[in-house]
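The lines below spell out each chain.
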Amino acid sequence: MNLNLDTKIILISGATGGIGEGICQAFLEEKAMIVPLFRGHSERLNPLFTWMENHGISKDMCQPENFDLKDKSKSKKLVQSVLEKHGKIDILVNCAGKSMEKPFLLHEDEDFNEMLDLNFTSLAVLTREVLRPMMKQRSGSIINISSLLSHRFGRGVTAYAAAKAGVDRLTESLASEMGKKGIRINSICPGVIETKMSNALTFNLGDQLMERTPLGRYGKPEDIAQACLFLASEKTASFITGQRFVVDGGISLL
Ligand SMILES: NC(=O)c1ccc[n+]([C@@H]2O[C@H](COP(=O)([O-])OP(=O)(O)OC[C@H]3O[C@@H](n4cnc5c(N)ncnc54)[C@H](OP(=O)(O)O)[C@@H]3O)[C@@H](O)[C@H]2O)c1
């Protein structure tokens, strides 16, 4: 199915992570131009460039920007730079995030700050800056990668879960504010997805979580990436906004 994403510019945070890279690949396969955000050296995106080369996709379709989401005061400049180079931002995927597994009473004050700062505040600030040009365009789609932990389970990951609950609530409230301006905002709540982030969890719990998952497996980055394409496209999701889209193999049913 042609999702009509081939003229779109997609800004993606967390592009060096497992899910972020999968999302980048999925948009590239739809012939969209991506602007992945990365920290540190640009070589960190080499696996993505190698994948592109192997799939015959021109390097020009990937226009990375070096940006640490903790530098919130530079978000405006980042968005200006993307607009100067590419003229517009059609879709924003807020995928960067960090989890923390720790009993609640062992949380230091800085732990709460860190969880909220990256998972919620940085996302909110970047979203605000991207919304300005989207409002002028009177179109846009924003997809926030939240977590199943925003509304289910959560023992031992309280601060992370609370920050992700904030992301879902921001998604709903903002969707109602932005709908008449032609902008849709949704969140995706992944269950356990095989990436660096879930390694510790699956290592500690062995196969327990997989056994509890009705579909009998952990998710892969492409499972989230396909949900992302669906929500991004006006062809498939033009009447969907403010929703929490759960992609978890059914584990939250239990
Ligand atoms: N994997 C799961 O089971 C799972 C389940 C539910 C929700 N999620 C959510 O899915 C998203 C992606 O997770 P993942 O599994 O792909 O994790 P991951 O492989 O650890 O990737 C995390 C990404 O976030 C980026 N990031 C962290 N701090 C940053 C900062 N200050 N500035 C810019 N980027 C920063 C990382 O960049 P660096 O490489 O520079 O650190 C990396 O690209 C997260 O929001 C996570 O909460 C994951």
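Residues numbered from 1 in each chain as written. Predicted model: local features only at pLDDT ≥ 70, side-chain atom pairs only at ≥ 80, totals over all residues.

Asks: I'd like a description of the overall build of the protein, backed by residues and values.
Replies: Counting its regular elements, the protein contains 9 helices and 7 strands. On C-alpha atoms alone, the protein measures out to a radius of gyration of 17 Å, which is about the 18 Å that the 2.2 N^0.38 rule sets for 254 residues. Overall size of the protein, expressed as C-alpha extent along the three principal axes, is 45 × 40 × 40 Å. Classification of the 254 residues of the protein by burial places 41% in the buried group. (Helix = DSSP H or I, 4+ residues; strand = E, 2+ residues; numbered from the N terminus. Rg over C-alpha atoms; globule rule 2.2 N^0.38 Å. Buried ≥ 20, exposed ≤ 12 C-beta atoms within 10 Å, placed from the backbone.)

Asks: How would you sum up the site of the ligand? Please name residues and give values.
Replies: Near the ligand lie 27 residues; those nearest to it are G14, G17, I19, G97 and T195. Looking at the shell around the ligand, the elements that each hand over two or more residues are α1 (18-29) and α6 (196-205). A class-by-class count of the residues in the shell around the ligand yields 11 nonpolar, 11 polar and 5 charged. (Near = placed C-beta within 6 Å. Nonpolar A, V, L, I, M, F, W, Y, C, P; charged D, E, K, R; others polar.)

Asks: I'd like to hear about the pairing of strand β2 (residues 33-38), residue by residue, with values.
Replies: Within β2, 5 of the 6 residues are buried, leaving the element largely enclosed by the surrounding structure. Bridge count for strand β1 (residues 9-12) against β2 is 4 bridges, and the pairing is parallel. Opposite L11, over in β2, you have V35 as the bridge partner. In terms of handedness, the path from β1 via α1 over to β2 forms a crossover that is right-handed. Bridge analysis of β2 against strand β3 (residues 65-66) gives 2 bridges, and the strand direction is parallel. For F38, the partnering residue across the bridge sits in β3 and is N66. Once you follow β2 into helix α2 (residues 46-54) and on to β3, the crossover reads as right-handed. (Pairing = 2+ DSSP bridges. Right-handed = clockwise from strand over helix to strand, strands pointing away.)

Asks: Describe in detail the sheet that holds strand β7 (residues 244-247), supporting the description with residues and values.
Replies: Reading across the sheet, the 7 strands line up as β3-β2-β1-β4-β5-β6-β7 and stay open at both edges, with parallel pairing between neighbours. The open sheet has two edge strands, β3 and β7, and neither has a second partner. Against the sheet, helix α4 (residues 109-137) makes contact with β1, β4 (91-94), β5 (140-145) and β6 (183-190), and its axis sits at roughly 170° relative to β4, the strand it touches most. (Contact = placed C-beta atoms within 7 Å. Axes fitted to C-alpha atoms, helices over the stretch in contact; angles between N-to-C directions.)

Asks: Tell me about the nonpolar core, and please be specific about residues and values.
Replies: The biggest cluster of nonpolar side chains holds 67 residues, and the ones touching the most others in it are I10, I12, I23, F27, I34, V93 and C228. Ignoring anything within four residues of it in the chain, the contact list for I34 reads I10, I12, C24, F27, L28, M61 and C62. (Core = buried A, V, L, I, M, F, W, Y, C linked by C-beta atoms within 7 Å.)

Asks: Tell me about α4, residues and numbers included.
Replies: Two residues of an α-helix separated by three or four positions point the same way, owing to the 3.6 residues in each turn. When the terminal C-alpha atoms of α4 are compared, their 41 Å separation across 29 residues agrees well with the 42 Å that a helix rising 1.5 Å per residue should span. Most pronounced at D117, the bend in α4 amounts to some 45°. Every buried residue of α4 is accounted for by M115, N119, F120, S122, L123, L126, T127, V130, L131 and M134. Turning to α4, the residues buried within the fold contact β1, α3 (75-86), β4, β5, α5 (158-178) and β6. In the segment just after α4, R138 is the residue with positive phi, at about 60°. (Expected span 1.5 Å × (residues − 1). Bend = angle between axes of the 7 residues up to and from the residue.)

Asks: Can you lay out unusual backbone geometry for me, pointing to particular residues and giving the numbers?
Replies: One non-glycine residue, N4, lies in the positive phi region at around 55°. Judged by C-beta crowding, with 13 C-beta atoms within 10 Å, N4 ranks as partly exposed. Phi angles above zero are rare outside glycine, and R138 is one such case at about 60°. Relative to the elements of secondary structure, R138 occurs in the loop between α4 and β5. Taking the number of C-beta atoms within 10 Å as the measure of exposure, R138 has 10 and is therefore exposed.

Asks: A description of the packing of α4 against α5 should follow, citing residues and the corresponding values.
Replies: Remark: α4 packs on α5, axes separated minimally by 8 Å, with the N-to-C direction vectors making an angle of 20°. Taken together, α4 and α5 sit at an angle that is classed as roughly parallel. For the pair α4 and α5, the sense of crossing is right-handed. Residue-level contacts link D111, F112, M115, L116, N119, F120, L123, A124 and L131 of α4 to A159, Y160, A163, K164, G166, V167, L170 and M178 of α5. Among the residues making up the contact of α4 with α5, the classes are represented as 13 nonpolar, 2 polar and 2 charged. (Parallel < 35°, antiparallel > 145°, perpendicular 65-115°, else oblique. Left-handed = near helix turned anticlockwise from the far one by under 90°.)

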